Every structure is written in structure tokens, then in C-alpha cells.
Amino acid sequence: MKEEDFMREAIRLSIQNVREGKGGPFAALVVKDGKIIARGTNLVTSTNDPTAHAEIVAIRAACETLGSFQLTGCEIYTTCEPCPMCMGAIYWARPDKVFFANTRVDAAAIGFDDSFLYDELSHDISERQIPMTQLLHSEALAAFNAWDKKPDKVKY
């Protein structure tokens, strides 16, 4: 299959997802060695999970299939430019490449506007809309120190 064929499959899944009422008009595929190893659609409303974006669903399925927390050697095809949450997950998963169809401007035009998230990330913690207060920093450092000293840790 060609890149366009994978994207057409993702688009088909996004339209199907809308028709079935499972969530928003978004779908994603993870491809490795020219084969689809995982599919994901937006399941936010049908699962009551705000993290169930198509890219997250597909990444979780692909990682389970591969038995790995990284998607080295993989490509992600997503029907829309990833939101900040999905972008973070994509970078943590480390695929080789990402293809997208619609833009975040297209998404905003139909009510999926992530611009406030991009704005929030640029603000100092004290200026964000959801109050964030640091607590028990010195106590929490114990876990970080344990990790730092752990000789057999799996780095990621």
C-alpha cells in the first residue's frame, strides 16, 4: 500500500466513527513495514475517557501488538493534525514519521479548537486557568532519587 492508501483507510475509519456515534471525526493508523498494525478512532464520548483520542488509542494498540513502549520503525497516519496531548504521546512513542490530513484550523472550524491548550502551555504555571499548586516537593523527590540510583532501570 502507498501512503495515500493508508490515509484513505484512516479517513474511512473517521467517517465510520461519526456514523456509528462512537466519538469525534478522527481516526489514526500505525503502520510498520508497510502493514497496518493498529487502528484507533476517537472514543471520548462513548468511553467517557477524555484521553481516548484516535492517536492515543492507536498508539496503545500498536505498543501492545509490538510488546514495546516505542514505535521505532513505525509511521502514524492521522486524519487531523495532533492536539497537544496526542503530540506529546507521539513524541514519547517515537515513531519514524507522522502523516496528517486535516489541520488544527480545520478542526477548530467544526468545534474542536485546541488553541486554548497551546496558549495555556505558554503561560507561567501561576497564570494558568486551572490553578496548580506544588505540594510536598522534597518528599516526592524520594521517588526520583530511587529511580536515579536504580541500576536496572529501563530508560525511555
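Summarised in this report is the structure supplied together with it. Note that this is a predicted model, so its numbers are computed, not measured.

### Observations concerning the environment of L29
- Mapped onto the elements of the fold, L29 is located in strand 1 (residues 27-32).
- Judged by its relative accessible area of 0%, L29 falls in the buried class.
- Separated by 19 residues in the primary sequence, L29 and A10 have C-alpha atoms spaced 6.3 Å apart.

### Description of the packing of aromatic side chains
- A full pass over the atoms with the stated rule returns five aromatic pairs.
- Judged by centre distance (5.2 Å) and plane angle (45 degrees), the ring pair of F6 and Y77 falls under tilted. Note that F6 is positioned in helix 1 (residues 3-20) and Y77 in strand 3 (residues 74-80), a separation of 71 residues in sequence. By the burial criterion, F6 is buried, and Y77 matches it.
- Counting every residue linked through ring pairs, the aromatic cluster contains F6, Y77 and F99.
- The ring of Y118 has R104 lying over it, and the distance from NZ or CZ to the ring centre is 4.1 Å.

### Topic: the environment of M1
- Tracing the backbone shows M1 in the segment before helix 1.
- Sequence-wise, M1 and A93 are 92 residues apart; in three dimensions their C-alpha atoms are separated by 23 Å.

### A word on the nonpolar core
- Core analysis: the largest hydrophobic core is formed by 20 residues, its most contacted members being V30, I59, A62, L71 and I76.
- Sort the elements by how many residues they give to this core and helix 3 (residues 54-66) lands first, with six residues.
- Excluding residues that lie within four positions of it along the chain, V30 makes contacts with K35, I36, I37, A38, A58, I59, A62, L71, C74, E75 and I76.
- With nine residues, the next largest nonpolar core counts F6, L13, A27 and Y77 among its residues.

Cut-off values and rules
- Residues numbered from 1 in each chain as written.
- Predicted model: local features only at pLDDT ≥ 70, side-chain atom pairs only at ≥ 80, totals over all residues.
- Heavy atoms only, no water.
- Helix = DSSP H or I, 4+ residues; strand = E, 2+ residues; numbered from the N terminus.
- Buried < 20%, exposed > 50% of the residue type's maximum accessible area, 1.4 Å probe, protein only.
- Phe/Tyr/Trp six-rings, centres within 6.5 Å; stacked < 30°, edge-to-face > 60°.
- Lys NZ or Arg CZ within 6 Å of the ring centre and 35° of its normal.
- Core = buried A, V, L, I, M, F, W, Y, C linked by side-chain atoms within 4.5 Å.
- Contact = heavy atoms within 4.5 Å.

Everything listed is a geometric property; what it means functionally is a separate question.
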